[in-house]
Amino acid sequence: MSSVARTTIDAVEVSGRTVLVRVDFNVPMSEGEITDDSRIRAALPTIQSILDRGGACVLMSHLGRPSGSGFEPAFTLAPAANRLAELLGRPVNLPSRDCLDESSVAAVDSIEAGGVILLENLRFHKAEKKGDAEFAARLASYGDLYCQDAFGAAHRADASMVAVPEAMEGRPRTAGRLLEAELRYLSGAIDSPARPFVAVLGGAKISDKLATIRHLAGRVDTLVVGGAMAFTLLRAMGHGTGKSLVEESMVKEASGIIDAVAATSTTLLLPVDFVCAGSPAAGVKTTVSGRDIEDGQMGLDIGPGSVEVFTEAIRAARTVVWNGPMGLFEIPPFDRGTLAVAKAMIDATTAGATSVVGGGDTAAAVNDLGLATGFTHVSTGGGASLRMLEGGPMPGVEALDRA
Ligand code: ADP
Ligand code: MG
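Residues numbered from 1 in each chain as written. Chains lettered and ligands numbered in written order. Predicted model: local features only at pLDDT ≥ 70, side-chain atom pairs only at ≥ 80, totals over all residues. Heavy atoms only, no water.

1. Observations regarding the site of ligand 1
As a matter of local geometry, ligand 1 sits amid 20 residues, with A204, K209, E330, D361 and T362 nearest to it. Between ligand 1 and G327 there is a distance of 3.5 Å, counted from a nitrogen atom to a backbone nitrogen or oxygen. Considering ligand 1 on its own, with 580 Å² of exposed area, one finds that the protein chains cover 85% of that surface. Sorting the residues of the shell around ligand 1 by element identifies β13 (298-302) and α13 (360-368) as the ones contributing at least two each. Among the elements that take part in the shell around ligand 1, α13 stands out by supplying three residues, more than any other. Residues of the shell around ligand 1, tallied by class, amount to eight nonpolar, nine polar and three charged. (Near = heavy atom within 4 Å. Polar contact = N/O pair within 3.5 Å; in protein donor to acceptor, adjacent residues only side chain to side chain. Areas by Shrake-Rupley, 256 points an atom, 1.4 Å probe, with all protein chains shown as cover. Helix = DSSP H or I, 4+ residues; strand = E, 2+ residues; numbered from the N terminus. Nonpolar A, V, L, I, M, F, W, Y, C, P; charged D, E, K, R; others polar.)

The following block contains the structure:
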């Protein structure tokens with residue numbers, strides 16, 4: 001990533017100005033209700049800083065994956081506007097069903113200091129995902145300056161992330177407080193870690209995390225791998241995996257990655273046992289296997305022996321990053337391994353380690369377990385935090401570094 005200094009929102013004059021802020025209000029929803037408002041809360045420091053200093057905010061975000069052919073009620077940002085108004089204790093105006101129509105333009109034209117507008121879902125226009133320049137130019141006309149605070153989308157080159165700041169050339173283009181905090185914790189952990197540095201990876205698919213393993217090999221002291229992704233590695237080593245989730249097409253690649261890690265200074269820790277069942281359901285009879293799983297059985301969580309080995313490594317860490325649950329945590333009792341890892345990370349944090357949790361499902365898991373406050377940092381980005389762990393491009397950040 002470029003080392004060019006970014007301008008932060010706190011370094012620029014906002015009094016009497018309208019700040020066009022890209023936020024990430026892509027919150028999980030169920031039946032029209034927000035089930036986790038962490039991302040809205042995480043945007044408050046930037047918004048509050050602008051309002052406190054006499055500025056006005058025009059906020060823009062996407063939500064979900066609408067078709068891109070106009071308003072769809074299932075993807076409205078109205079619940080996010082309501083939640084933000086409650087959190088700020090002031091009105092939030094969602095002017096219309098279309099971020100570019102006359103009502104939106106008129107609302108932005110008449111905004112006053114202290115005012116907050118939330119534009120409707122940017123992805124109601126196909127142009128957002130396409131990075132369209134004309135769409136971006138119209139959004140750019142809404143602000144005297146730009147602020148990028150949508151870490152969760154910073155690995156994407158959507159119009160609001162890249163083409164809008166480009167279209168605002170000559171006006172200040174700044175990073176918000178959330179974006180700065182995310183970059184500080186994630187790049188700090190990877191680029192200048194206190195050691196031992198332990199990375200914990202889990203989750204469903206090894207294919208999602210191959211690039212992460214390659215990037216972390218030689219950088220971390222210990223790489224702990226649990227979750228279903230471990231089965232593809234164990235299969236590559238010749239172990240029996242029963243009915244567990246294995247990515248057959250990845251077995252050969254997995255074998256290569258084991259050799260690649262072994263050639264570095266990184267120690268790879270794989271599970272030594274599993275909690276198994278005949279099917280992934282609540283209330284099923286469970287057994288504990290060794291490293292080999294019997295035919296007809298599925299490994300659904302790491303076993304007690306693995307918990308011991310993994311948590312010992314984590315407790316000894318001075319830096320620990322975690323992405324991906326250790327098992328099928330949505331269905332108890334298969335949440336135990338994930339819970340044990342979370343608790344060991346919190347213990348390490350209490351003892352002075354820096355701990356960073358990334359990943360959409362992983363962050364949701366620690367929030368559900370009521371543990372989110374015990375870590376140094378819980379990232380608001382799933383794909384974006386993984387991209388950082390891979391050392392891959394972050395177009396939404398690079399657009400600011402060019403500014
Ligand atoms: P994240 O979003 O945190 O990066 P992933 O999306 O890669 O994580 O993986 C999360 C999913 O992996 C969860 O739904 C979890 O149930 C599933 N999972 C983890 N371990 C297992 C397992 N042993 N068997 C089945 N599913 C698993
Ligand atoms: Mg996921």
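That covers the picture; the talk isn't over yet.
2. Some remarks on the nonpolar core
Ranked by internal contacts, the top residues of the largest apolar core, which has 73 residues, are L139 and V164. Mapping this core onto the domain boundaries places at least three of its residues in each of domain 1 (9-180) and domain 2 (193-389). When sequence neighbours within four positions are dropped, the list of residues in contact with L139 reads L20, M60, C99, L100, L119, L122 and V164. (Core = buried A, V, L, I, M, F, W, Y, C linked by side-chain atoms within 4.5 Å. Buried < 20%, exposed > 50% of the residue type's maximum accessible area, 1.4 Å probe, protein only. Domains from an automatic or database assignment. Contact = heavy atoms within 4.5 Å.)

3. Looking at the packing of aromatic side chains
In this structure the tally under the stated criterion is two aromatic pairs. Where F231 meets F274, the ring centres are 4.7 Å apart and the plane angle is 40°; that geometry is what we call tilted. In this pair, F231 is assigned in helix α9 (residues 229-236) and F274 in strand β11 (residues 274-277), connecting sequence segments 43 residues apart. Of the two residues, F231 and F274, neither departs from the other in class, the shared state being buried. Taking the ring centre of F71 as reference, the NZ or CZ of R97 above it sits at 4.0 Å. Stacked on the ring of Y185, the Lys or Arg R184 has its end atom at 5.6 Å from the ring centre. (Phe/Tyr/Trp six-rings, centres within 6.5 Å; stacked < 30°, edge-to-face > 60°. Lys NZ or Arg CZ within 6 Å of the ring centre and 35° of its normal.)

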